[in-house]
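# Structure assessment
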2 protein chains.
Amino acid sequence: MRFGDSPIRSTYYVNQADFVACHNPSYIIKGFKMVRDVKPGGTFLINCQWTPEELDKHLPAVAKQYIAKNKINVYLINAIDLAKEIGMGKRTNTILQSAFFSLAKIMPQKQAIQYMKDAATKSYLKKGQDIVDMNHKAIDLGATAYVKIDIPASWKTATDKTSAPKYKGRPALVKQVTEIMDPVAHMDGDSLPVSAFMPHIDGQFETGAAAYEKRGVAVTVPTWDAEKCIQCNNCAYVCPHACIRPYGLTKAEAKAAPKVTKMAEGKGKAMAGLQYTLAISPLDCMGCGVCIGQCPTQAIQMVPTEGELAQQKAFDYCVEKVSRKPKLEGTTVKDSQFAQPLLEFSGACAGCAETAYARLVTQLFGDRMYIANATGCSSIWGNPAATSPYTVNKDGHGPAWSNSLFEDNAEHGYGMHLGQQAVRNNLKQKTEELIEGRCAEPLKRAAKAWLRTMDDGEANKAATEKYIEQLKKSSSALAKEILSKSEFLTKKSVWIFGGDGWAYDIGYGGLDHVLASGDDVNVFVFDTEVYSNTGGQASKASNIGQVAQFAAAGKEVKKKSLAEIAMAYGYVYVAQIAMGSKPAQTIKAIVEAEAYPGPSLIVGYCPCEMHSIKGGMINCQEEMKKAVDCGYWNLFRFNPAAEDGKKFILDSKAPAGGYQEFLANEARYNRLAREFPGRSKELFKRNEAAAEARFKHLEKLQAVYDDTQE
Amino acid sequence: MRFGDSPIRSTYYVNQADFVACHNPSYIIKGFKMVRDVKPGGTFLINCQWTPEELDKHLPAVAKQYIAKNKINVYLINAIDLAKEIGMGKRTNTILQSAFFSLAKIMPQKQAIQYMKDAATKSYLKKGQDIVDMNHKAIDLGATAYVKIDIPASWKTATDKTSAPKYKGRPALVKQVTEIMDPVAHMDGDSLPVSAFMPHIDGQFETGAAAYEKRGVAVTVPTWDAEKCIQCNNCAYVCPHACIRPYGLTKAEAKAAPKVTKMAEGKGKAMAGLQYTLAISPLDCMGCGVCIGQCPTQAIQMVPTEGELAQQKAFDYCVEKVSRKPKLEGTTVKDSQFAQPLLEFSGACAGCAETAYARLVTQLFGDRMYIANATGCSSIWGNPAATSPYTVNKDGHGPAWSNSLFEDNAEHGYGMHLGQQAVRNNLKQKTEELIEGRCAEPLKRAAKAWLRTMDDGEANKAATEKYIEQLKKSSSALAKEILSKSEFLTKKSVWIFGGDGWAYDIGYGGLDHVLASGDDVNVFVFDTEVYSNTGGQASKASNIGQVAQFAAAGKEVKKKSLAEIAMAYGYVYVAQIAMGSKPAQTIKAIVEAEAYPGPSLIVGYCPCEMHSIKGGMINCQEEMKKAVDCGYWNLFRFNPAAEDGKKFILDSKAPAGGYQEFLANEARYNRLAREFPGRSKELFKRNEAAAEARFKHLEKLQAVYDDTQE
C-alpha cells in the first residue's frame, strides 16, 4: 500500500503481499487460493466465526501447506459478531480496516486510529452523532479483536480428508467442468495451462455445464403446497431458469423418491394413477418470484432459502430418475411443462422473459434444435464460455448452439440449414439407392418411412429411430455409409435467436435476405424494444416517447413493424406473441412456426430489467398481459399455409383502456414525464394514437389476407 | 515478336519496337501517340488512303518531329481499297499481316508467305476454295503494296498549323478537360505527372465534363420534321442521353440562330409568339432510336449520321444561347422538357432507362440536388472518373454527386441531409438573431420570407435569392457570417440513387434504417430486376422463372415487394413508376416524393440490356408500357400526406392479358423455355399467378389505407 499526496496513475497486480485479509469466510470454504498471495513471513487475516479448530476443518490442505512452509502469520477475527453487537449489522468493513492498520503496522497505530476516526467523523456526521460513535467504537475494537493462531507442524504435510468433489454426468462434460470451470470458478483461471483447452481448440464446448454451477444466490425461493395446487403448471411455464418443474411419478418412482418430496394425487384423466410433484431447485432459483404471480391458487409462496435447501434432493431425484409422464393430447401449457427443459439455470437476470421463451421452445423441439444466436443478451445468458445452460436429455440429445456476429446471425443460421439440407439430400439419394437395391424387407420399409416423413419434424424422429435400428442390422456398404451420417438423419429444427437490436437494426439486412429465401428456418426475436445488453440504446423496436441512449428526450418515431414487413413476402410465417398474456396463443404460434415448411418469424414481447417496471421483474409476465390488454402490444399470427384461407388471425382484443397508466408504470417512459413534462404528454399521446391506428390497421389486414373473400 | 514451340507465359509491355503499324487512319487524326513507340531507325507502317502530301496534313507536328529526329522509316499502304478490290470488304488484316512480314524481315519472305498461305488454307477451307484463294491473293498483295515515303527535312522543326483546340466553359472545368481528360482520351494517361491531379487531391472533380467528349458513335441519328411535329416533347422525355431538346425561341433568338436550325410556329397558348425547335446533337446521340417509338406523328426518324452533323451547330446554339421558355402551368411532360437537363451525354448503354429517369429528375430539381449514388450501373454512367455527365445550368447550379460503397449508400445520403440540416439550423438561429437585432426593413422582410419558406424547396429558392441580395447590402458581422455559408441557404433536394442490387439486397439494411428515420430524403431505385453492372446476378428484385447468375434454372421465389415493405412504416412516401407507361404518373410521383417532408422511396421499372428484349433497347419505353398493361409491373403511389385521406392510389388498371407473351418477349425469361421447357411452364405460370394475386392485394390496400373508411 502506498500513501502520498501525488495520485497513483498506474495499476499494480500484487501477488506477493505482506498482508492479505479474507473478509468473507465462504471464500475459505469455496477454496479460493488467497493465502498463496502472501509473501513468506507475511500476515493472513481471516474474518470468521470459527475457532482455530474449526478453521482446521475448513482450510484446504494446499493452504495449510503453504502457511506452514512459508511461516505465514495467521490471525482470526470475528468481525461478524462484533459488528452485530455494536449495532452495525452486516457492516464489518470499519472493524476490519482497523485490524489491518494494527497488524500491517504501516504507520504508528495511534496515528492510524486518529486518522480513521477523523475520516469517519467527516463521512458520517451528516447521518448523526450515533453513527459516528458507532464507527469510532468499531475502530477501537478492530485494533485489538484479532487472535494469532499457532500453526500445527502437521500442516506442512496436510492432506484433505474429503477428496475433491466427484461430478456425475457425461465424461467429456465432467472433464470440462473439473479441469476448466472449477479452476475458473475458484478465480484460478490464470493458472490453467494452454493444454487444458486442447479438447476445445475448435471452439466447441459441451452443453449442460450450467447445471454444475450451484449459485445459491436467492434469498427467498418458492415453496409448494401440494394440497392447494391445481396442477396447472403455469409456474413452470413462466420460470426463466427452469427451476420449478412438474413431474408425474409412478408408484415405484414415488416410493423411491427422497422423503422430502411432496406429492399429491395426479389430477385429471391423463394423470390417473400418477403422483404429481412440483420439484423446485433452491440452489438454482434466482428468487425472481415470477412463478408466484402466475399461480391461480397461491399454492406457491416465497420463503427463506435456508428452509428449502433440503428440497434440492427431491429436485435432483426427479431430474435424474423420473421419466416424462403424462404425455397429454395436443400441445397445452400443462403438457409442455412435463417435457424436460433443455435450457436451464442460465445466468440471466432474475425474471428474464427471454429465457422463459427460449426454455419453452426447447421443451417443444429441443432434442432436434440447431440454434444460431446473435450477439446480445441471449448470447450472454445463452453461453458464457464453457458454461452452457443449454443441455441434453437422457438420450444425449439437445440443442446445438452457436453464436455468430451481431450482424450476420440470420445468415449463420441459414448456413446451418443449408448444410443440413445438403447432407440430408445426399442421405435421401443413398436411401433411394438402398431401396432400389437388394435389401431386407424390414429395412426397406423403415427406409421408405424415413423418406416419407423427411420433412415432418416429429414424425421423422420416430421413423429415423426405426431406420437406424434396421440399418445397424444390415452389412451392406451403403447402409454403413448412411449410418456414418446418422446424426443428420432426423429433420432438425433450425432456430435463429436474437434481440431487437439485431433483428430490427444491425442484422436486419441479413434477416430479410434469409426470410426472402423461402427456406425452412425459424426466427425468434426477443423484443425488449431496446439494446439491453449494451446499455440501453434505442433500436427501431423502441417506441414513441421511450427514453433510451441516443433518445434521451424520448424517441421521435414509432416502432418499426417488423412482423408486418415480413408478412409482405406472403410466404413467411409470422407471429407476435406475449407469453404472459395468452399462453395458448404463444404455444400455438411456436408450434405452427416450427411446422411451417418455409421461413418463420416470431416476435416475442420481452419486458426487461431495462424497462424498470414498477415493483421489478417479479411483474414481468403480468406486464405482458397489461401490454396486450391496453393495446401497447398486439397478438397475431400470419400463416401462409392456413387451411381455411384465413391467413391472418388477430389474436388480441381491441384496446381496453389504461394505455397511459401502462406507460406510467415503466420508468423507461415515466422518466420522460419527470424530465420533459410537456413533451412527454405529446409523445405519449402520439404513442397511444399510433397504437390505436395500428390495431385498426391489423383489423383491416384480416380481410386483406382472407382468401375466402374477394 | 517471338517464335517458338514453347508458349510465352509472361506479358511484355513493348514501347521500343522495331516495327509499329497503324491499321486505322483515324488514330492518326485523333493524334494517338503511336510512332513514339518505334525505336530509332525502326519502321512505322500506316494503313490509309492518303498520298504522302495528305499524310503531311494529318500527321501531328509532334509525330513528324519524332520521325525526322529518330530516322524512322515510314511506309504507307492502302489496304482499305485493296481489300475492297479483291472482294474482302472491310477485312484488311491478311493484307497488313503480309506487309508486316515483308517489312519486319523476321524470317525469309518466301518462307513467311508459304507459312501464311498454309495457315489460310487450313483456316478457311471449310468456307470454300474461293475464300482460300482470296486470302492467298491478299497475302501476295500485302507483301508488295506498301510505299516508303521520303521524310522532308522540315519535319524536324514541324509545328501544327491549327493550334490545340480551345474549349469554352468554366475555367476549372476547361483546365480539367485539357490537362486530364484529353491526354487520357488520347491513350496517353500514363504520361500525366502526379501534379496534374493536385487540383483533385480530395477526390473532387468538376461536373459537366461529359459534354466535352464528343463520341460520335451513332451510325444513325434522328432527324426532325418541323411540320409533322405536334410539339408534345415525348421524344425529349425518353431520351437517355439528353440529346434531343425542345426550345421556345423569341424572334431575336430565332434570327440569331444558325441557318441549319429548323423551326415551326409555337403551338398552344404558352408558346404564342415563340418559335419551336427540336435541337438534336448528332455527336452525342447514341443512336438508340427510343425517341422514334415515342413520337405520335412520325415527325422524327433515324437517318445516317453524316447528313445530320451540321445540326450540331443548331444544338450548340440553343444550349448556349436560348433561355428556358415557356414555363407552363403545372408539371407536365411537355413542360418538364423545356427545362435544361442537368444530366447529359453519359456513357450509359444506348436506350438506357435509368438515365432517362435520372435526367428527368434533374430537370425538375437539378439545380438544388445532392445525390448519393450506390455503386452499380448508375455510378458508372453517373461518373466515370473526371467525366461527369451531371452538369450545371447557366447560374453554375447543378447536382452535387458522390458515390459511396455498395452497402452504405443510403447512410451516405442521409449524412448529406444531416450535414445540411445542421448548417441550416445554425443559419436559422443566426437569421432569427438578425431579425431580433437592428437591421434594415427590406433585409428583415427578406429574412422572414426565407425563414417562412425554409422547408419548401421551390419557394425557398426565390426567397433565398432575395435574402442574399439584401444580406449583401448589410455591413453587419452577422449578415457577413450568414453570407459566408450562403450555398447552404436554399433547401436542397437530397437524393439517394441506386439499383435493385443495392436497394433490395446489399444496401437494404441501411436503406431501411434511413427510411425509418422519418427524415426528408428521397430515394430513387432503378429497378432492373438484376445486378446489371456486375454481370447479371439474381437479386431479390428478380422474379419467378427469370434466368440470371445464381439462378441458371430460373429464380424460385417471387420478387420482393420493396415498395409495400416501405409502406408498412406509414410515414414513408412510396411510389412505383414506369416512365414509358404513364408519363403523367411518373412525373406526379417524383414531384410528390420530393415535396413530401419525410422520407420518400420511388421504385422505377427499368428495362435493361440484360433483359435482352426482342428488337433491342429501342423498345425500352414500349416494354415498360407492356409490363404495366399485362400486370407484370404495377403503378401506385402511397402518400402519407394525402389531403383527401386516401393514402394509397393504385394507378394501374387490372391486368389486360398478354402476360405470357410479355415474358416470351425477353430472353431473360424465354431462354428458360428453351433450356428447361417443363420447368419454365410451371415457373411462368407461378409468375403470372403471383402477379394476379399481387394486383388483387393492391386493390385491397386501397381500402386499408383509406382513412375516410373505418
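Residues numbered from 1 in each chain as written. Chains lettered and ligands numbered in written order. Predicted model: local features only at pLDDT ≥ 70, side-chain atom pairs only at ≥ 80, totals over all residues. Heavy atoms only, no water.

### So, the interface of chain A and chain B
The partner chain B presents 26 residues to the 27 residues of chain A that form the contact. In total, about 2,200 Å² of surface goes out of reach between chain A and chain B, with carbon and sulfur atoms giving 61% of it. At the boundary of chain A with chain B, the tally comes to 4 salt bridges. Of the charged contacts, one joins B:Lys540 and A:Asp512 as a salt bridge, the two residues approaching to 3.4 Å between their closest N and O atoms. Counting every contact that joins chain A to chain B gives 13 residue pairs in polar contact (both at pLDDT 80 or more). Its residues assigned to classes, the side of chain A that touches chain B shows 11 nonpolar, 6 polar and 10 charged. (Contact = heavy atoms within 4.5 Å. Buried area = accessible area lost by both parts, 1.4 Å probe. Salt bridge = Lys/Arg side-chain N within 4 Å of Asp/Glu carboxyl O. Polar contact = N/O pair within 3.5 Å; in protein donor to acceptor, adjacent residues only side chain to side chain. Nonpolar A, V, L, I, M, F, W, Y, C, P; charged D, E, K, R; others polar.)

### Quick word on the relation of the copies chain A and chain B
Rotating chain A by 180° and translating it 0.1 Å along the rotation axis places it on chain B, where the RMSD comes to 0.4 Å. The two molecules are tied by a two-fold rotation axis, judged by turn and shift. Scanning chain A for the C-alpha nearest the rotation axis identifies A:Gly509, at a separation of 2.0 Å. Both copies share a contact surface, since 96% of the interface residues of chain A are interface residues in chain B too. (Least-squares fit on C-alpha atoms with pLDDT ≥ 70 in both.)

### Quick word on the sheet that holds strand 3 (residues 73-77) of chain A
Residues and elements named next belong to chain A. Spatially, 1-2-3-4 is the arrangement adopted by the 4 strands of the open sheet, whose pairing is mixed. Single-partner strands in this sheet number two, and they are strand 1 (17-22) and strand 4 (147-148). Pairing of strand 2 (residues 38-47) with strand 3 involves 5 bridges; the strand directions are parallel. The partner of Thr43 across the bridge, within strand 3, is Asn73. Against the sheet, helix 5 (residues 93-104) engages strand 1, strand 2 and strand 3, with an angle of about 150° to strand 3. (Pairing = 2+ DSSP bridges. Helix = DSSP H or I, 4+ residues; strand = E, 2+ residues; numbered from the N terminus. Axes fitted to C-alpha atoms, helices over the stretch in contact; angles between N-to-C directions.)

### A closer look at the confidence of the model for chain A
Chain-level statistics for chain A give a pLDDT mean of 94 and a share of 99% at 70 or above. For this predicted complex, the interface score ipTM comes out at 0.86, while the overall pTM is 0.88. (pLDDT = per-residue confidence, 0-100.)

### Considering helix 14 (residues 353-365) of chain B
With 13 residues, helix 14 of chain B should reach 18 Å at 1.5 Å per residue; the first-to-last C-alpha distance of 19 Å fits that figure. Within helix 14 of chain B, 13 of the 13 residues are buried, which leaves it mostly tucked inside the rest of the structure. (Expected span 1.5 Å × (residues − 1). Buried < 20%, exposed > 50% of the residue type's maximum accessible area, 1.4 Å probe, protein only.)

### Let's talk about unusual backbone geometry
Residues and elements named next belong to chain A. In the segment running from Lys325 into Pro326, the intervening peptide bond is cis, with an omega of -15°. Among the structural elements, Pro326 can be located in the loop between helix 13 (311-321) and helix 14 (333-336). One non-glycine residue, Lys71, lies in the positive phi region at around 50°. With respect to the element layout, Lys71 can be found in the loop between helix 3 (61-69) and strand 3.

### What about the pattern of salt bridges?
In total, this model carries 66 salt bridges over all chains according to the counting rule given. For A:Arg668, the salt bridge identified is with A:Glu529, shortest N-O distance 2.7 Å. Of this pair, A:Arg668 sits in helix 27 (residues 667-675) while A:Glu529 sits in the loop between strand 13 (522-527) and helix 23 (562-567), and the two are 139 residues apart along the sequence. Per residue, the accessibility class of A:Arg668 equals that of A:Glu529, and both read buried. Note that B:Lys626 is salt-bridged to B:Glu623, the shortest N-O span being 3.9 Å. One end of the pair, B:Lys626, and the other, B:Glu623, are both in helix 24 (residues 620-629), 3 residues apart, so they sit about a helical turn from each other.

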